[in-house]
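# Inside the fold
Letter by letter, the chains look like this.
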Amino acid sequence: MLDVMFAALGSLVSGPHLLYLGLGVLLGLCIGIFPGLGGIAGLSLLLPFIYGMDTISGLAMLIGLVAVIPTSDTFTSVLMGIPGSSGSQATVLDGFPLAKKGQAARALSAAFSASLFGGLFGAAVLTLFVLIARPIILAFGSAELFMLTLLGLSMVGGLAGNSLIKGLCACGLGLLFGTMGGAPATGEFRLSFGIDYLMDGIPLVVMGLGIFAIPEIIDLLRRNTAIAEASTLGGGWVAGVRDLFQHKWLALRCAVIGCIVGALPGLGGSVVDWIAYGHAMQTTKSKENFGKGEIRGVIAPEASNNAKEGGALIPTLLFGIPGSGSMAVFLGGMILIGLEPGPNMVGSNLDVTYTIIWSLALANVLGAGACLLLSRWVARLTTIPYTLMAPFMIMVICFAAFQATRNLGDLVALLGVGVLGILLKRFGWPRPAFLIGFVLASGMENYLYQAVQFDGWSFLTKPGVLIIAALLVVSVFFAGRHVARMSRQIGPQAEDVVAKPSLSDMLPQILFTCVMGAVFAYGLYDAFQVMYLSRVFPASISIVMLTLIGIMLYRQLRCRAGDPINQDAERNGENAALPVGFYHYILWFAGLILGCYLVGYVIAMTLFFVVFLLLKARASLLRTSVLTACGMGFMIILSHVMVLDLPTGLLQQAVSLPWPLDNG
Amino acid sequence: MKKIIVGIAASLTLGFGLGTSQSTLAADFSGERIEWIVPFKEGGGTDTWARFFSPLISETLPGQPTIVIKNVPGGGSINGANQFDARGDNNGLDVFGSTASTLFYSMLGDKRARYQPRDWIPVFATPTGGVLYLSPDLGVNSAAELVKLQDQELTFPSLGPTSLDLVPLLAMEMLGLKIKPVFGMDRSAGRLAFERGEVNVDYQTSAPYIKKVTPLVEEGKAVPIMSWGILGEDGTMQRDPSFPDLPHFAEVYEMIHGEKPDSQAYNIWKTFFVAGFAAQKIMFLQEGTPQEIVDTYRQAAIEVAKQPGFKEKASIAIGDYDQILGKNVDTAFKMIFSLSDEDTQWIQHWLNERYGVRF
């Protein structure tokens, strides 16, 4: 085995292979930085070129690209609060607050060194594990995978913030949203309102952008400052590396989590970062800083999402079953260069497998190195006044959302989810809990249904299930202890200081709770329109959630002072003093989307740029035109080169326009 | 230089009257960009198939145009097909790659499928076969022994009743097998479930069967029962040359029922078999594309398949079967749309009764 390993290294570093690896890394970095363009877009861009290339160069290039995307997607997550890809959504939670504190460089370098560590760890695990993985992967059937989704869900307790009941309701809302679209058992459409777009459910990319990015963008616009509130950018890259060393065990544990979740086909790469984040919270004594700029909250997801790629390669290579979306494209690439994955990858093709592993390790080093060097400079973006940045941000998130299904519905969904995100934030419903529910819903329902079909309810006595159940109990115990401690801390002492809120102050949140109750009631009604097998899951969630909503409503109507359930950022929180309401910018955004619908993305976005920069940023005419030309030019060229559509409107349907106005 | 020659040739044609053949000139794609819509995400079977062919066809078409793959996912290929149908140009610059489900939705009358594949013009089609195999625990060693299973419920992993799995589901019912399908599992998830022992009957299309199930057969962990067969030139079912030792479905039907299949159900099965397997992936041009362009495309596909080394390359990427080329693709295409209204009602009724599918 060792000789094969080193022979593989030898052939990788000789000849032009390293150059191709470098090219792949470079492309991966550029694509990863751009939200909405993840491994899938990058790989499909490469596929035409690898056709006819020799095996090692082709593989090196593909792996180079896949390996560094979870590294470079951190830039937008930390600096702008926009999840760079669905694998780094959790990084936003603490990375972005750190950037706001002026510690962007520290957060980035901690993230990149954690990524490097995770990536190398993933490659190391792959080296040994690939030889013995087959029986282990076969041991995880539907029943075990269902239990794993439950384990993931138990993290919600940790993510719930200061009100467990709100955390549960947010999670339930996510679960209900996750059932939208075709049901796994019967193929019936749930919660689709007869709209074609909703029949596939809302894409995760759109959810992530709407729930996290839009509320942040609008918040920053209302504050009208730069992202970094501090005037100096403290803490350079050394600080970040030191952070990693301080939390090395956390990084190690999260890398292990990343490998395991990545290696299990069926859970999907987008859960990894959340599970790692939840784990970091559960194992940290003082949790107050999470969500406000805790460096652990950056290290954990980043270590896990790079390690995931190593793990995800295992089922891809051994079974030909992709462990994540980008692995599906990688698999297509392997087939195009004439490699058939399967048991022979650890037999006659072992040298190819080790080439892949070495490429993975080298790519991680190159990628993280390049990002570390860049982070110091890129962090300065956070000092630019936000009104100048905003049009670019909005341009990018619209583009990113549209790449989900290339349908105008993506933009409408983005707006809708964005409003939901703003309201959840305002009323203190934890958004991470919502997203975890959303991510896990389909797997949970599907695996439960399959497990019951295969073994009946006796699946609960399978040994693997019992082991995971034990882990689940531990996790719930920790979560429960945490919640109990939180309520002790806040409860009594707050009551003395805070006056009893008046009913009119409470009105908006009571109203919101009622609306959410109506949503669950509709979910229940909708569940009874489909057959039994597709009904059970959404109906049970809705019933439990209606009960919880009832309790919440009761407590809110009682208006007890200091009850953590009372939260309204607009009435009694930090946003109360801001000059413009959030609806102001929602209207701007809605106008843009209406514009896209009427005249297409290129024209609408150009107009938006000009009007916004002139009116909101009060930029000069010259500056406005230069910025608009840069932004739009970049976008148009990018979409042309990558054969990506931009939204077209009614105008383009009615008359044919010259390029680029016809884009589509 | 090339442009000049083309220019001279063009003026010659104009000068010497209209009687000469225009076919070589009408379809020159120099400097053009052809968009090939694939109605799935990057990385799946149809995507890999299109990406395998796109450089080959690009080299062979006159003028060597760039061919780019445009993935339009959603609705299990419905979105991409709707988009191509509504907006695809008929000048040969927009092509579409369909798979079984694209045609199934339309054949079954799914309301979301607003496209009319009947009007599209097929260029070539790529066939595949399929093999049904059982778990050795069932104690059945060949198709002849299937009767032993008539009182036993078999668990079968399936993506959904209106997917490609319609063909095996209907076939197994016609053989009198009692099937409990577990939905929501694609073919590779199904194979994994079979290896775990969660299901005891499964099928794979030819390429994955050969590469991933044959080793299981050799280890004694799977028992091959039958292939679906292939469609002969005379329209009858024949043994699949990739699996000459396995009886095909019609043979097995005869073994069990003592007579050749000739019912409405069998004819419907055969039509869906053609759309799902015998002509699984089809490259389409838009309705109303001029005949010269269609001929140019069809000729390009014929030349691609003739290239030395094509078969070896193709066997890994897309399977071992001969491509359906030239006029043959019209024959297969006509079969696909041969269902009468009663046939459509029959299959809708069957799907509704068995699996609660609503139309």
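Because the structure is predicted, anything quoted here is derived from the model rather than measured.

## Some words on the sheet that holds strand β8 (residues 201-205) of chain B
Residue and element names in this part refer to chain B. Ordered by their spatial adjacency, three strands build an open sheet running β8-β5-β9, and the pairing between neighbours is antiparallel. Only two strands of the sheet have a single partner each, and these edge strands are β8 and β9 (223-227). Put simply, the sheet's adjacent strands are angled 30° from each other on average, direction ignored. The sheet contact formed by strand β5 (residues 130-134) and β9 spans four bridges and is antiparallel. For Leu-134, the partnering residue across the bridge sits in β9 and is Val-223.

## Some thoughts on the nonpolar core
Of all hydrophobic cores here, the largest spans 242 residues; its most connected members are Phe-330, Trp-429, Phe-434 and Tyr-601 of chain A together with Trp-36, Phe-53 and Tyr-297 of chain B. Looking at this core, the element that brings in the most residues is helix α18 (residues 386-405) of chain A, giving 14 residues. Leave out the neighbours within four places in its chain, and Trp-36 of chain B touches Trp-49, Ala-50, Phe-53, Ser-54, Ile-67, Val-68, Ile-69, Lys-70, Val-95, Phe-96, Gly-97 and Met-283 of chain B. Core analysis: the second largest hydrophobic core is formed by 91 residues, Phe-156, Leu-164, Ile-282 and Phe-333 of chain B among them.

## Section: the domain arrangement of chain A
Residue and element names in this part refer to chain A. When the domains of chain A are assigned, the result is domain 1 (2-497), domain 2 (500-568) and domain 3 (582-654). Taking the mean C-alpha position of each, domain 1 and domain 2 sit 30 Å from one another. With 35 residues of domain 1 in contact, the opposing surface of domain 2 contributes 32 residues. A per-residue breakdown of the area domain 1 buries against domain 2 is headed by Ile-165, Leu-176 and Phe-427, which together make up 19% of the total. One salt bridge connects Arg-426 with Asp-568, and the closest N-O pair in it is separated by 2.7 Å. At the junction of domain 1 with domain 2, the criterion picks out five residue pairs in polar contact (both at pLDDT 80 or more). Mapped onto the side of domain 1 that touches domain 2, the elements with two or more residues apiece are α10 (164-178), β2 (189-190), α19 (409-426), α20 (431-455) and α21 (463-497). Looking at the side of domain 1 that touches domain 2, the element that brings in the most residues is α10, giving eight residues. Along the lines of polarity and charge, the residues of the side of domain 1 that touches domain 2 split into 21 nonpolar, seven polar and seven charged.

## A look at the side chain of His-279 of chain A
Residue and element names in this part refer to chain A. Along the chain, the position of His-279 falls in helix α14 (residues 272-282). The buried category is assigned to His-279, whose relative accessible area is 16%. With near-sequence residues (within four places) excluded, His-279 lies in contact with Met-155, Leu-250, Arg-253, Cys-254 and Ile-257.

## Description of the interface of chain B and chain A
Taken together, the 42 residues of chain B in the interface contact 46 residues of chain A. In total, about 3800 Å² of surface goes out of reach between chain B and chain A, with carbon and sulfur atoms giving 53% of it. The largest contributions to the chain B side of the interface with chain A come from Glu-42, Arg-196 and Glu-198 of chain B, which together make up 15% of the buried area. Between the two partners, chain B and chain A, sit three salt bridges. Residues Glu-188 of chain A and Arg-358 of chain B are paired through a salt bridge, measuring 2.7 Å at the closest nitrogen-oxygen approach. When contributions to the side of chain B that touches chain A are tallied by element, the ones reaching two or more residues are β1 (33-38), α3 (45-60), β2 (66-71), α4 (78-87), β7 (178-182), α7 (187-196), α8 (206-218) and α12 (310-317) of chain B.

## Here we look at the pattern of salt bridges
Overall, the coordinates contain 30 salt bridges over all chains when judged by the stated rule. A salt bridge links Asp-455 of chain A to Lys-462 of chain A; its shortest N-O distance comes to 3.7 Å. Judged by relative accessible area, Asp-455 of chain A falls into the partly exposed class, the value being 33%. Judged by its relative accessible area of 25%, Lys-462 of chain A is partly exposed. Among the salt bridges present, the one from Glu-254 of chain B reaches Lys-260 of chain B, with a minimum N-O distance of 3.5 Å. Glu-254 of chain B gets classed as partly exposed once you look at its relative accessible area, which sits at 33%. Residue classification places Lys-260 of chain B among the exposed positions, given a relative accessible area of 63%. One connected set of salt bridges, linked through shared partners, spans Lys-100, Glu-216, Asp-219, Arg-223, Lys-425 and Arg-431 of chain A.

Calculation notes
Residues numbered from 1 in each chain as written. Chains lettered and ligands numbered in written order. Predicted model: local features only at pLDDT ≥ 70, side-chain atom pairs only at ≥ 80, totals over all residues. Heavy atoms only, no water. Pairing = 2+ DSSP bridges. Helix = DSSP H or I, 4+ residues; strand = E, 2+ residues; numbered from the N terminus. Axes fitted to C-alpha atoms, helices over the stretch in contact; angles between N-to-C directions. Core = buried A, V, L, I, M, F, W, Y, C linked by side-chain atoms within 4.5 Å. Buried < 20%, exposed > 50% of the residue type's maximum accessible area, 1.4 Å probe, protein only. Contact = heavy atoms within 4.5 Å. Domains from an automatic or database assignment. Buried area = accessible area lost by both parts, 1.4 Å probe. Salt bridge = Lys/Arg side-chain N within 4 Å of Asp/Glu carboxyl O. Polar contact = N/O pair within 3.5 Å; in protein donor to acceptor, adjacent residues only side chain to side chain. Nonpolar A, V, L, I, M, F, W, Y, C, P; charged D, E, K, R; others polar.

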